[in-house]
Amino acid sequence: MLFEACGAQYHIKGELLDETDVDDVVVALVNLARMGQVEDYQSSKKKEFQNFKDNLVSFWDYLVVECQNGPLFDQVLFDKCMDYVIALSCTPPRVYRRVASLVGLQLVTSFITVAKALAAQRETTQRQLNAEKQKRTEGPRVDSLKKRLSMTHEKITGIEEMMRKIFTGLFVHRYRDIDPNIRISCIQSLGVWITSYPSLFLQDLYLKYLGWTLNDKSAGVRKASVLALQNLYELDDNVPSLGLFTERFSKRMIDLADDVDVSVAVCAIGLVKLLLRHQLLSDDDLGPLYDLLVEDPPEIRRAIGALVYDHLIAQKHNSGQSNTKGESNDSSEVHLGRMLQILREFSTDQIISNYVIDDVWEYMKAMKDWKCIISMLLDENPLIELTDVDATNLIRLLNASVKKAVGERIVLATDNRKHYYNKAQKEILENDRRDITVAMMKNYPPLLRKFMADKAKVTLLVEIILHMKLELYSLKRQEQYFKDVVQLIKDAFFKHGEKDALRACVKAICYCCIESRGELQDFAQNKLKELADELIAKLKTAMKEVIVDEDEYSLLVNLKRLYELQLSIYVPIESIFQDIVTTLGSFRTANYEVVGFLLLNMYLHVAWCLQSIINSDSVSEASLSSMLSKRTTLLEQLEYFLHTPPGVQEDGNQGNQLASKVCIILAEVWFLFRKTNFSSTKLERLGYCPDMSVLQKFWELCKKQLNISDETEDEDVNREYVEETNRDAVMIAAAKLVACDAVPKEYLGAEIIACFVMHGTSVEEIVKHLIAVLRKKDYDVSSIFLESLKKAYIRHVELSNGDDESLVNKSFQECKELAARLSGIFMGAARNKHRADILKIVKNGVQYSFLDAPKQLSFLEGAVLHFAAKLPATDVIEILKDVQKRTVNVNTDEDPSGWRPYHTFVDTLSDKYAKNEGFQEEGTSVRRRGRPAKQRNNIRGKKLFDGHSSSEEEDSLSASDEDGEKQVEEDNAPLIHSLKSSKLRSFRVSRQQSEGTTNDLAASRTSGASN
């Protein structure tokens, strides 16, 4: 049975079992494996072997249980079985080790089941004996119980000895087997043994193996060890016996919380929680773990969040908990207070605070105790005093918790996939939204009034209304509270001038206009109209005042407010449009930030007017003329900054930001009014395309923004709107013009692609997407690629006139890298599909290189060569003939350095042609497609065993396997070596024969050594 389970057809006659030597049988089985006469049932894909492992384990378990009253203790059957199991577990064939290890480990597990039953029987007998002795000291009943007790004890001793035998003979060797599955089985079994039979296994002699395997190279083994330790530490009775082990391996357990394998790390964090529960670790040991609160894998963050909650927030949460309402509120306040102590460490970084809140949220019920949080913010409990930092953190916690409760993410996800909820989950989210609204309804106005002056706090509070069920104000007859909230949001809009606060207020009021019902909706819409009218009035006043006293602050703040409002809704600013133009003409060189927002508001107004025209069923001539007039005015203002680019002011990089805004706005206007959008329609007059001179000026300004150093951009990292004006935004705006045919792609597309490798990975990704769009639309990318290569080369030539040799070398390297990246697009099957495009680039590139030879010949080496290398041999020959024809009657020795790129180009292509010619000649011979033929006389069985010993790190190959692989390599060798002459062929044959003799001799020596 055991041999058949190993896949070997080997039998021992029953009468010869005692006389048969175990070693002889094992040697015979190993020889069967070497000859390939063994089948691996455990790894088989056949349907009948799907449950092989479970059935094998069940058989041996059932066998032990059935034999516990007889053969198990006769020291014959199971002793012989254990001898064979241990011997097979130490053999080279892996299939034998797997099966033998599986059987041996299960035997110990089954022995433990029997031993526990015997132990229970022994305790019962001992109890009966003690009771009988109290009645009489001697007698047949006492003697019988003593005899039974003695026999039971002997059986337990005997079965424990059998366990030790398998442990020392099998486990000690197999727990470090080369096969990770065997190692996993060993560690899993050891964990079960220690947990189920601690009287024998719960000692350092056995525990050390769990500690050692915490460092195993296989993640599965480490996880098995951690899970086994979790089961041990979960039992309080085991902890006293684990003191020395914990002291020795606790550091490694903590380190595993940052394991490269996420599943191992999560399990290790759970293990650390158990150590903390038993007070086996100090707080100083947990420092590195708290850094994992902002790790990318959410599983690790959640596990650390559970640890933080259990250890730092709940603190003995499993002790007696009261169900009374007052004590429940106290508990929430205590937990929130401890959470604020943690957030105090990250008060300057809202992103990290959100990570901490996100990690702990699902474990901390106090975060959804809305009444308690609001009560603490309103200082309703005199015993709790919040500092300004604590109040900010508590509002952050309230804001984040509200978002989490309604199903929104507060931490960016790595996959960016939309989460879908089932019906039950949607009901839970809807109930949470209702609870939030009910809790905030009466308390929202006092909260906004209290924190109105603090821009950070009021922004977070205003955002909460976006997650409330506003119809509940009408259903619960609380209209006045709603009106108070809307009025307070309007007041906050005019009280603050920062981007976040303004954007939150605009979103909140617009949300109220859409989601509220009946009378409340009309009220919100009227408030929004009042807000727009008041803002226009303030702008009129500010533009007049700035001319008188040159106080630009009021104008700037109100321009920001108008910009944020226009991002969401249409604002009728026709009455002040001309005033904006006049102000812009007066302040072009004064405050670049004011100029930027004047241009942005003009653009947004033009965009809203265009949308109104497009959506209208009938368009009047007056509205068209007004639209064209506004567009012309805007373009004139923008083109002024193309001809007079803004400089960098002394107080910062506002000049760069204005230049970026000009580029982006101009690109957006060209995009909105592109001719392809209005051709063959009634609005064809609205179509617009810039002149080439304007387009060139536009790109010159864009290039200046692309050349801004990273250090200069970093200085603006804390400025508002900086992410909307960085070089990535400029590049995206320019690329959008090319992708949508708003401007001639032959010019701007080539200029953008020429920047492929010059400005970092973000710009590189933008260019890569643009190329993909151009190819998808079947544009003539060959012409665009060639133009981009020319522009990169011209940039190199211009730098060559300077004295900085490093810049010259860098520019030429960029030119070559650009050619390599562009030619790399034509890989694999794309070579044949786009062969005509590649050939066109090469021919036109050669022609460009020889326009003023030898001045531009370096273009051959820097750009053309990479594309020519993608052509087949026939085209390479044609290119070589064309190039060489151009040098007829030309003395290239007069200027060796100038003609060096030409010679490099010719030599490289000639080498490529020579190689391809060899492969073509090979193709003319008889060629077998597919895998090479195998020689049948060298067929060997499947490799089922490892090399020299089962504990080594890798399997070895036998000499015969090496010979077989060598034969396949010879069958698959290229035939190019057999060309040219018969003399060369004869020399090769003789050389291969001598090499074959040498290899055979080496193989025989290797085989002899292994034997």
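So, how was this worked out
- Residues numbered from 1 in each chain as written.
- Predicted model: local features only at pLDDT ≥ 70, side-chain atom pairs only at ≥ 80, totals over all residues.
- Heavy atoms only, no water.
- Phe/Tyr/Trp six-rings, centres within 6.5 Å; stacked < 30°, edge-to-face > 60°.
- Helix = DSSP H or I, 4+ residues; strand = E, 2+ residues; numbered from the N terminus.
- Buried < 20%, exposed > 50% of the residue type's maximum accessible area, 1.4 Å probe, protein only.
- Salt bridge = Lys/Arg side-chain N within 4 Å of Asp/Glu carboxyl O.
- 1 Å grid on protein atoms, 1.4 Å probe; cavity = no way out; pocket = protein on both sides within 12 Å on 5 of 7 lines; lining within 4 Å.
- Points joined across faces, edges and corners; volume = space filled by probe spheres on them.
- Nonpolar A, V, L, I, M, F, W, Y, C, P; charged D, E, K, R; others polar.
- Contact = heavy atoms within 4.5 Å.
- Axes fitted to C-alpha atoms, helices over the stretch in contact; angles between N-to-C directions.
- Parallel < 35°, antiparallel > 145°, perpendicular 65-115°, else oblique.
- Left-handed = near helix turned anticlockwise from the far one by under 90°.
- Expected span 1.5 Å × (residues − 1).
- Polar contact = N/O pair within 3.5 Å; in protein donor to acceptor, adjacent residues only side chain to side chain.
- pLDDT = per-residue confidence, 0-100.

1. Re the packing of aromatic side chains
Scanning all chains against the criterion turns up 26 aromatic pairs. Relative to Tyr-848, the ring of Tyr-793 has its centre 6.4 Å away and its plane inclined at 85°; by these criteria the two rings are edge-to-face. Of this pair, Tyr-793 sits in helix H37 (residues 781–800) while Tyr-848 is found in helix H40 (residues 835–849), placing the two residues 55 residues apart along the sequence. By relative accessible area, Tyr-793 is classed as buried at 2%. Members of the aromatic cluster, connected to one another through ring pairs, are Phe-167, Phe-171, Tyr-175, Trp-193, Phe-201, Tyr-206, Tyr-209 and Trp-212.

2. Topic: unusual backbone geometry
Residue Ser-680 is not a glycine yet carries a positive backbone phi of 65°. Structurally, the position occupied by Ser-680 is in the loop between helix H31 (675–678) and helix H32 (692–706). Taking the relative accessible area as the measure of exposure, Ser-680 reaches 72% and is therefore exposed.

3. Describing the pattern of salt bridges
Opposite charge on two side chains permits them to pair, given that their charged atoms come into close proximity. Taken as a whole and judged by the stated rule, the model has 48 salt bridges. Residue Asp-358 pairs with Arg-301 through a salt bridge whose shortest N-O separation is 3.0 Å. Taken as a pair, Asp-358 in helix H16 (residues 350–360) and Arg-301 in helix H14 (residues 298–314) lie far apart in primary sequence, 57 residues in all. Like Arg-301, Asp-358 is buried.

4. Here we look at the layout of surface pockets
Considered as a void within the structure, the largest pocket measures approximately 1500 Å³ in volume. Forming the walls of the largest pocket are 36 residues, and the residues nearest its centre are Gln-350, Ile-351, Leu-460, Glu-463 and Asp-500. Sorting the residues of the lining of the largest pocket by element identifies H16, helix H18 (388–405), helix H21 (455–463) and helix H24 (499–515) as the ones contributing at least two each. Tallying contributions element by element places H24 first for the lining of the largest pocket, with six residues. Of the residues belonging to the lining of the largest pocket, the class tally is 13 nonpolar, eight polar and 15 charged.

5. A word on the environment of Gln-230
Within the element layout of this structure, Gln-230 appears in helix H10 (residues 219–233). The class of Gln-230 is buried, set by a relative accessible area of 14%. Once the C-alpha coordinates of Gln-230 and Lys-273 are considered, the two residues, 43 residues apart in sequence, prove to be 9.5 Å apart. In this structure Gln-230 touches Cys-267, Gly-270, Leu-271 and Leu-274, once residues within four positions along its chain are discounted.

6. Thoughts on the side chain of Arg-183
Examined against the element boundaries, Arg-183 turns out to sit in helix H7 (residues 180–196). Discounting chain neighbours no more than four positions away, the residues touching Arg-183 are Arg-174, Tyr-175, Arg-176, Asp-177, Ile-178, Asp-216, Lys-217, Ser-218 and Val-221.

7. Side note on the packing of H32 against helix H35 (residues 745–753)
Across the interface, H32 lies against H35 with an axial gap of 11 Å and an inter-helix angle of 15°. Looking at the two axes, H32 sits roughly parallel to H35. Like other packed secondary-structure pairs, H32 and H35 cross with a definite hand, here right-handed. For the pair H32 and H35, contact is made by Met-692, Leu-695, Gln-696, Phe-698 and Trp-699 and by Tyr-747, Leu-748, Glu-751 and Ile-752, respectively. For the contact of H32 with H35, the per-class residue count stands at seven nonpolar, one polar and one charged.

8. Description of helix H19 (residues 423–441)
Note: α-helices contain 3.6 residues per turn, so residues at a spacing of three or four share the same orientation. For H19, spanning 19 residues, the distance from its first C-alpha to its last is 27 Å, which sits close to the expected 27 Å at 1.5 Å a residue. Those residues of H19 that sit buried are Leu-429, Asp-432, Ile-436, Thr-437, Ala-439, Met-440 and Met-441. If you follow the buried residues of H19, they end up packed against helix H17 (370–377), H18, helix H20 (444–450), helix H22 (471–475) and helix H23 (479–495). The N-terminus of H19 is capped by Asn-422, whose side-chain oxygen sits 3.2 Å from the backbone nitrogen of Ala-424.

9. Focus on the environment of Gly-585
Tracing the chain through its elements places Gly-585 in helix H27 (residues 574–586). Residue Gly-585 is classed as partly exposed on the basis of its relative accessible area of 41%. In the structure, Gly-585 is positioned 52 residues away from Gln-637 in sequence and 8.2 Å away in space, judged by C-alpha atoms.

10. Considerations on the packing of H7 against helix H9 (residues 204–212)
Contact geometry for H7 and H9: axes closest at 10 Å, N-to-C directions at 140°. The crossing of H7 and H9 is left-handed. In contact with Ile-187, Leu-190 and Ile-194 of H7, H9 contributes Tyr-206, Leu-207, Tyr-209 and Leu-210. Here the contact of H7 with H9 is built from residues that sort into seven nonpolar, no polar and no charged.

11. Quick notes on the confidence of the model for the chain
Segments scoring low in pLDDT should not have their predicted coordinates read at a detailed level. Of all residues in the chain, 86% have pLDDT values of 70 or greater, and the mean over the chain is 82. Confidence drops under pLDDT 50 across residues 648–652; counting only partners more than four residues distant or on other chains, this segment forms nine contacts. Across residues 918–1011, confidence stays below pLDDT 50; counting only partners more than four residues off in sequence or on other chains, it has 70 contacts.

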